[in-house]
Amino acid sequence: MNELAMQHIPESKYCFAINSNTMAIRLRVSKEDFPDKIEVVYGGKYEYAKTQYSVTMERSYEDRLFAWYTAYITLDDVRFVYIFKITEEGKVSYFSEDGLTDKFDFVLSFYNCFQLAYINEADVMEPVEWMKTAVFYQIFVERFFMGDEGKSKTYINMKWGELPTPKSFAGGDLEGIIQKLDYLKELGVNALYLTPIFQSVSNHKYDISDYYKIDEHFGDKETFRRLVEGAHSRGIKVVLDAVFNHCSKEIAQFQDVIKNGKNSQYFDWFVVHGDKVDCENVNYECFASCAYMPKWNTSNKAVQDYLIGIATYWIKEYNIDGWRLDVSDEISHEFWRDFRRAVKAVKSDCVLIGENWHDANAYLHGDQYDSIMNYAFTKACLDFYCFGNFNTKQFADKLNEILMRNTDAVNIMMLNLLDSHDTYRFVTEAKNRDKLKSALALLFMFVGVPCIYYGTEIALEGNFDPDSRRCMEWDRVGKERDVSTLVNGLAKIKTGGGFSDANIKITESDGLITVERNNYKLSFNGKMPVEYKSKNVILSNNYSGGELKENAFVLEKLN
């Protein structure tokens, strides 16, 4: 065994409680090592010297460099201690806190075994139940549909369907979403993620000047209440965008700082370098390089209380089902811990989804977010389907590596997406509808929650922002049904519980990737045709019954 490749860390993504008496254990080894058997030798903390039990681990995941062996253990004594016993070509070795050794002294095991000393209920992270069968649909509100024809339209400066500019307004609103709820339900959607809806001068609303007011271009609180109630009556959850890293320069608190400098009671609510705000030279922290969006000082207790109060208000008053947390990786961990406690106390199944574009394991231990927008999955799909950076083997390896970043509970709640308001449209990058459909099949089959960006069901095109925020082309709905029919078929399986747990096996052989979950198997390829025969196909594309053509997929139900 290559000891340099071996890794195990107690109370981490390598060792975590599934429930009050079940442990998940992972051991990382070199991909080149194939021992005859790896066992978890475990027992109760105070009886381990005399009594040990063992369970054989399964080689479950492989990536470019490593393989992961996994085991699930149900305990009678939750004071859990353990080591790994490795059998290779008749030789037995042990892996403990001392590393890889030829022998292990169980009598003195209290010095160097691994342990999770006690499974405390408060430390067990369980998935938000409704996320297990959720199918999300992201709506950029300004461009989805204008339902309120009686509102003032003086702010609208583009015709519906024209290519957008950074400052164009088309008129989409909350009433428009209400009018399309039946369409969304029929598509198979059961959760909405709305970009910001609060008062702002921009079309995107990420520069909020009043967190307690619905932007007048979108409607009012009564409209929003009808939207939530209408969605809930159809079994659709509603998740809002929490823009708590920054705000609008026009917000009352920052205006007071501009006026009064250090004498303002809100001076420490922001990060100002100096005794007063210099708007010309921008001596304050802001989002990116946008001087019109000053950054909140989320290490300040008063700011924490203010923002957490906003979050709980919209849950208490309007019964929303979650928050997507904008630029969440630039906000203090302390804030997110307090935020989670407050939100979950009001509504325990309110989901918290961070906007972290990178490996966010530090935020995903059950004390901050539930999950993140899984842009690692997005990039992997782009590398395979669009950029030509991955062959089938490399793609399968990357998908496995992404899964091993987090625990099962987190993986089940990851918001998996192909594109969003911040990226190119996937079909535009792929330049191919067959690639889009294959990627959608994988999106639904992969562990986590699929998120469809509005218009994907009609293969809506778009380059980078602002072009990725085009108006929904409603005249194409019903005419181009190949993608929407696929989404609907996949959504029926997901919402029916077919892809609801963390069980998955991803393998590759001769240019064919196979993803197996429960009673389903997805097989797909990239550029090269592959001979493939099946009698259990329920969804497919570019499959002739004997051969997978280019960018084909086959989804089968095995039993």
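Note that the structure is predicted; figures quoted are calculated from it, not measured.

1. Considering the sheet that holds strand β5 (residues 58-62)
Line of reasoning, step 1. If you walk across this open sheet you meet the 4 strands as β1-β2-β6-β5, and the pairing is antiparallel. A strand with exactly one partner marks an edge of an open sheet, and here the two such strands are β1 (15-19) and β5. For this sheet the average axis-to-axis angle between neighbouring strands, irrespective of direction, equals 30°.
Line of reasoning, step 2. The pairing of β1 with strand β2 (residues 22-30) spans 4 bridges and is antiparallel. Paired with A17 across the strands is M23, a residue of β2.

2. Here's the deal with the environment of R59
Line of reasoning, step 1. Among the secondary structure elements, R59 is positioned in strand β5.
Line of reasoning, step 2. By relative accessible area, R59 is classed as buried at 17%.
Line of reasoning, step 3. Separated by 367 residues in the primary sequence, R59 and F426 have C-alpha atoms spaced 33 Å apart.
Line of reasoning, step 4. Other than its neighbours up to four places away in sequence, R59 contacts S30, K31, D33, F34, A67, W68, Y69 and K505.

3. So, a negative patch on the surface
Line of reasoning, step 1. A cluster of acidic side chains, namely D148, D220, E222 and E229, defines a negative patch on the protein surface.
Line of reasoning, step 2. Residue placement: E222 occurs in helix α3 (residues 221-233).
Line of reasoning, step 3. Residue classification places E222 among the partly exposed positions, given a relative accessible area of 46%.

4. Details of the packing of aromatic side chains
Line of reasoning, step 1. On inspection of all chains with the given rule, the structure shows 56 aromatic pairs.
Line of reasoning, step 2. Here the aromatic rings of Y48 and F106 are separated by 5.4 Å at their centres, their planes lie at 80°, and the arrangement is edge-to-face. Taken as a pair, Y48 in the loop between β3 (37-44) and β4 (53-56) and F106 in the loop between β9 (99-101) and β10 (114-116) lie far apart in primary sequence, 58 residues in all.
Line of reasoning, step 3. Classification of F106 by relative accessible area gives buried; the value is 16%.
Line of reasoning, step 4. Ring centres of F144 and Y454 lie 6.4 Å apart, and the angle between their planes is 85°; on these two criteria the pair is classed as edge-to-face. Taken together, the positions of F144 in the loop between β11 (136-139) and α1 (174-179) and Y454 in the loop between β20 (449-453) and α12 (481-495) put the pair 310 residues apart, joining distant regions of the chain.
Line of reasoning, step 5. You can call F144 buried: its relative accessible area is 0%.
Line of reasoning, step 6. In this structure Y454 comes out as buried when scored by relative accessible area, which is 0%.
Line of reasoning, step 7. Between the NZ or CZ atom of R28 and the centre of the ring of F66, over which it lies, the distance is 3.8 Å.

5. Quick word on the environment of L116
Line of reasoning, step 1. Among the structural elements, L116 can be located in strand β10.
Line of reasoning, step 2. When the C-alpha atoms of L116 and W357 are compared, they prove to be 31 Å apart, with 241 residues separating the residues in sequence.
Line of reasoning, step 3. Those residues within four positions of L116 in sequence are excluded, and the remaining contacts are E11, C15, M23, V78, R79, F80 and Y82.

6. A word on the side chain of T378
Line of reasoning, step 1. With respect to the helices and strands, T378 occurs in helix α7 (residues 375-386).
Line of reasoning, step 2. A relative accessible area of 4% means that T378 is categorised as buried.
Line of reasoning, step 3. The contacts of T378, once residues within four sequence positions are left out, are L417 and L418.

7. Remarks on the pattern of salt bridges
Line of reasoning, step 1. Going through the model one piece at a time under the given rule, you end up with 38 salt bridges.
Line of reasoning, step 2. Here E149 ties to K153 by a salt bridge, and the two come within 2.6 Å at their closest N and O atoms.
Line of reasoning, step 3. Ionic pairing is found between R469 and D465, a salt bridge with its closest N-O pair at 3.5 Å.
Line of reasoning, step 4. We classify R469 as buried; its relative accessible area is 6%.
Line of reasoning, step 5. Note on D465: relative accessible area 33%, which makes it partly exposed.

8. Side note on the packing of α3 against helix α5 (residues 301-318)
Line of reasoning, step 1. The contact between α3 and α5 brings their axes to 11 Å, and the two run at 65°. On the basis of their axis angle, the class for α3 and α5 is roughly perpendicular. Along its contact with α3, which presents K221, F224, R225 and V228, the element α5 presents Y313, W314, E317 and Y318.
Line of reasoning, step 2. Considering only residue class, the contact of α3 with α5 consists of 5 nonpolar, no polar and 3 charged.

9. Some thoughts on helix α11 (residues 433-445)
Line of reasoning, step 1. Counted at 1.5 Å a residue, the expected span for α11 with its 13 residues is 18 Å, and the 18 Å between its end C-alpha atoms agrees.
Line of reasoning, step 2. Within α11, 11 of the 13 residues are buried, which leaves the element mostly enclosed by the surrounding structure.
Line of reasoning, step 3. Residues of α11 that are buried include every one of K435, L436, K437, S438, A439, L440, A441, L442, L443, F444 and M445, and no others.
Line of reasoning, step 4. A distance of 2.7 Å separates the backbone nitrogen of D434 from a side-chain oxygen at the start of α11, and that oxygen is part of N432.

10. Concerning the pairing of strand β21 (residues 505-509)
Line of reasoning, step 1. Judged from the 5 bridges that link them, β21 and strand β22 (residues 512-517) form a sheet pairing that is antiparallel. From the neighbouring strand, S509 faces β22, where its bridge partner is L512.
Line of reasoning, step 2. Following β21, the chain reverses through 2 residues before pairing antiparallel with β22; D510 in that reversal takes a positive phi of roughly 55°.

Here is what the cut-offs are and how they apply
- Residues numbered from 1 in each chain as written.
- Predicted model: local features only at pLDDT ≥ 70, side-chain atom pairs only at ≥ 80, totals over all residues.
- Heavy atoms only, no water.
- Pairing = 2+ DSSP bridges.
- Helix = DSSP H or I, 4+ residues; strand = E, 2+ residues; numbered from the N terminus.
- Axes fitted to C-alpha atoms, helices over the stretch in contact; angles between N-to-C directions.
- Buried < 20%, exposed > 50% of the residue type's maximum accessible area, 1.4 Å probe, protein only.
- Contact = heavy atoms within 4.5 Å.
- Patch = residues over 30% accessible without salt bridge, like charges linked within 9 Å, V, L, I, M, F, W, Y side chains within 5 Å.
- Areas by Shrake-Rupley, 256 points an atom, 1.4 Å probe, with all protein chains shown as cover.
- Salt bridge = Lys/Arg side-chain N within 4 Å of Asp/Glu carboxyl O.
- Lys, Arg positive; Asp, Glu negative; His and termini not counted.
- Charge placed at Lys NZ, Arg CZ, Asp CG, Glu CD.
- Phe/Tyr/Trp six-rings, centres within 6.5 Å; stacked < 30°, edge-to-face > 60°.
- Lys NZ or Arg CZ within 6 Å of the ring centre and 35° of its normal.
- Parallel < 35°, antiparallel > 145°, perpendicular 65-115°, else oblique.
- Nonpolar A, V, L, I, M, F, W, Y, C, P; charged D, E, K, R; others polar.
- Expected span 1.5 Å × (residues − 1).
- Polar contact = N/O pair within 3.5 Å; in protein donor to acceptor, adjacent residues only side chain to side chain.

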